2 protein chains.
Amino acid sequence: MSGKDSIRSQIVEAAKKRFSHFGYGKTTMAEVATDCSMSPGNLYRFFPGKLDIAEAIATEDYQRHLKELGKIAVTPGSPARDRLHDLLFEELRRTYHKLDKEPRAYEMATVIAHERPEYANWMLATERKILVELLEDGKRRGEFSFSDAEVTAEMIQAAVMKFRYPQLWSKLTLSKLERELEGVLHLIVDGLHAPRMTERASVA
Amino acid sequence: MSGKDSIRSQIVEAAKKRFSHFGYGKTTMAEVATDCSMSPGNLYRFFPGKLDIAEAIATEDYQRHLKELGKIAVTPGSPARDRLHDLLFEELRRTYHKLDKEPRAYEMATVIAHERPEYANWMLATERKILVELLEDGKRRGEFSFSDAEVTAEMIQAAVMKFRYPQLWSKLTLSKLERELEGVLHLIVDGLHAPRMTERASVA
DNA sequence: AGATTGAACGTTTTATTGATTATTCAGAAA
DNA sequence: TTTCTGAATAATCAATAAAACGTTCAATCT
């Protein structure tokens, strides 16, 4: 089956070049097929449709991102708070730069989000697993306190929604976004509540 | 000048009916003028353009909302936390119902947001003033602790962005959104940190 | 004078048409 | 048999022309 897989990735490579060069809409299945020295009809033995090729490209890229997030989440010796910080910043910066540097990425993100609403949910759920691990480790270390890690992770994701697709929501610069994320993170971790024990102790 | 003002509001009323009935795009200036028994050209003595009539309608509605928020923010005897809760829920519910019950409201919101990006910023800034008051009162009462109320208000607004135009971001039901907002509020107020003095004391 | 009109102007929307495109599938090639 | 092709199809897109629209302003009315 390695033959099939290699053809599949040949198609993905050809489509990636076309999509990032001319855009998703301006690329035809016939062109991708020609690049792979095959007929358009044959593409459908490897992908159900054009959109699925785009999804495969996005997913390939996303796997790299996930690996990075996973690495950050388990950095040994680092406080859970710092790891949460780095995780959220990695998320923000990756998306920002992706959309900033690759003008065609925006179109692809829009098309997939529009035609495959579940895809975004799948990404959220996947990242939530990493977040849950991180939260539970933080709890074990006595840094965090909450009752349900899954629910807490959902709430953190809701609170940082603005930083997930930064360019879709606002026209803020990266540094302004980073300042805001820093502030939201601070809120999330420390809360608005009156001073806590540790601080009180250090003041006294 | 009361004559001019009453004509102005006559125009707003006529446009409101048309916009909510047929939509902003399908309503012509000529129609609004006819409803007011005047010529199209005459509308421009009262409004710079069509979009400004839409803005006037939106602002009129928004003033009522602001008044409600202001009332909630200063409810006497109520803990600041509860008032913050009610404030954010009022915000969510108003927008949700507005877009849910008035199919044409979505179009108007979209058009204004697109052609007048500053308008959304103005609303945010206006509401932030109320939020700052509430936060500072909470600090005075010893409920909240933070260094800069303005910045903290900005951060809260960033964290609840998802609930500001609920239907634009997701297809969640109102009750699911409410549950999420409840969770985010809890995060914001209490944080992820280890148990605080008061809780520790009550446990001991 | 100031207030109002409505025809005129340039732009935007709509309708229509023709061309392109994604996808399918009967059959050819391997 | 399994793999692949490419013409056929139905859906989408692009181009165009016509109609409608927002806005302006010289002329008219009060």
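Before any of the text, the structure's been laid out above.
We now turn to the structure provided with this report. Values in this document were obtained by computation on a predicted structure and should not be read as measured data.

1. Some thoughts on the overall build of chain A
- A tally of helices and strands in chain A yields 11 helices and zero strands.
- Shown N-terminal to C-terminal, the secondary structure of chain A runs as helices and strands in the order α-α-α-α-α-α-α-α-α-α-α.
- For chain A, whose C-alpha radius of gyration is 21 Å, the value lies well above the compact-globule estimate of 17 Å for 204 residues.
- Counting only C-alpha atoms and orienting by the principal axes, one finds that chain A spans roughly 75 × 40 × 25 Å.
- When the 204 residues of chain A are sorted by exposure, 27% land in the buried category.
- A separation of at least 24 residues holds for 62% of the contacts in chain A among residues at least 6 apart in sequence.

2. Observations regarding the protein's contact with DNA strand C
- A:Thr28, A:Gly41, A:Gly49, B:Met38 and B:Gly41 are the nearest of the 15 residues found near DNA strand C.
- Within the residue set of the surface near DNA strand C, elements represented by two or more residues are helix H2 (29-35) and helix H3 (40-43) of chain A together with helix H3 (40-43) of chain B.
- Looking at which element gives the most residues to the surface near DNA strand C, the answer is H3(B), with three residues.
- Across the surface near DNA strand C, the residue classes break down as six nonpolar, seven polar and two charged.

3. Some thoughts on unusual backbone geometry
Residue and element names in this part refer to chain A.
- In this structure, Ser 37 takes a positive phi of about 55° despite not being glycine.
- Among the structural elements, Ser 37 can be located in the loop between H2 and H3.
- By C-beta crowding, Ser 37 is classed as exposed, having 9 other C-beta atoms within 10 Å.

4. Concerning the protein's contact with DNA strand D
- The full set close to DNA strand D counts 14 residues, and A:Met38, A:Gly41, B:Thr28, B:Gly41 and B:Gly49 are the nearest of them.
- Mapped onto the surface near DNA strand D, the elements with two or more residues apiece are H3 of chain A together with helix H2 (29-35) and H3 of chain B.
- It is H3(A) that contributes the most residues to the surface near DNA strand D, three residues altogether.
- Split into classes, the residues belonging to the surface near DNA strand D amount to six nonpolar, six polar and two charged.

5. Considering the relation of the copies chain B and chain A
- For the pair chain B and chain A, the superposition axis carries a translation of 0.0 Å, the fit reaches an RMSD of 0.1 Å, and the rotation angle comes to 180°. Such a combination of turn and shift is consistent with a two-fold rotation axis.
- When the interface residues of chain B are mapped onto chain A, 100% of them are again interface residues, pointing to one common binding face.

6. Remarks on the packing of helix H4 (residues 50-73) of chain B against helix H6 (residues 103-115) of chain B
Residue and element names in this part refer to chain B.
- At their nearest, the axes of H4 and H6 sit 11 Å apart, and the two run at 115° to each other. Crossing of H4 over H6 shows left-handed handedness. Packed against H4, whose contacting residues are Leu 51, Ala 54, Glu 55 and Ala 58, the element H6 presents Met 108, Val 111, Ile 112 and Glu 115 at the interface.
- Split by residue class, the contact of H4 with H6 holds six nonpolar, no polar and two charged.

7. Description of the interface of chain B and chain A
- Every contact between the two is made by 29 residues of chain B and, on the other side, 29 residues of chain A.
- Counting residues per element, the ones that place at least two in the side of chain B that touches chain A are helix H8 (149-159), helix H10 (174-190) and helix H11 (197-203) of chain B.
- The element best represented in the side of chain B that touches chain A is H10(B), accounting for seven residues.
- Its residues assigned to classes, the side of chain B that touches chain A shows 17 nonpolar, five polar and seven charged.

8. Points about the environment of A:Gly41
- Mapped onto the secondary structure, A:Gly41 falls in helix H3.
- Placed 80 residues apart in sequence, A:Gly41 and A:Asn121 show a C-alpha to C-alpha distance of 31 Å.

Reading the values: rules and limits
- Residues numbered from 1 in each chain as written.
- Chains lettered and ligands numbered in written order.
- Predicted model: local features only at pLDDT ≥ 70, side-chain atom pairs only at ≥ 80, totals over all residues.
- Helix = DSSP H or I, 4+ residues; strand = E, 2+ residues; numbered from the N terminus.
- Rg over C-alpha atoms; globule rule 2.2 N^0.38 Å.
- Buried ≥ 20, exposed ≤ 12 C-beta atoms within 10 Å, placed from the backbone.
- Contact = placed C-beta atoms within 7 Å.
- Near = placed C-beta within 6 Å.
- Nonpolar A, V, L, I, M, F, W, Y, C, P; charged D, E, K, R; others polar.
- Least-squares fit on C-alpha atoms with pLDDT ≥ 70 in both.
- Axes fitted to C-alpha atoms, helices over the stretch in contact; angles between N-to-C directions.
- Left-handed = near helix turned anticlockwise from the far one by under 90°.

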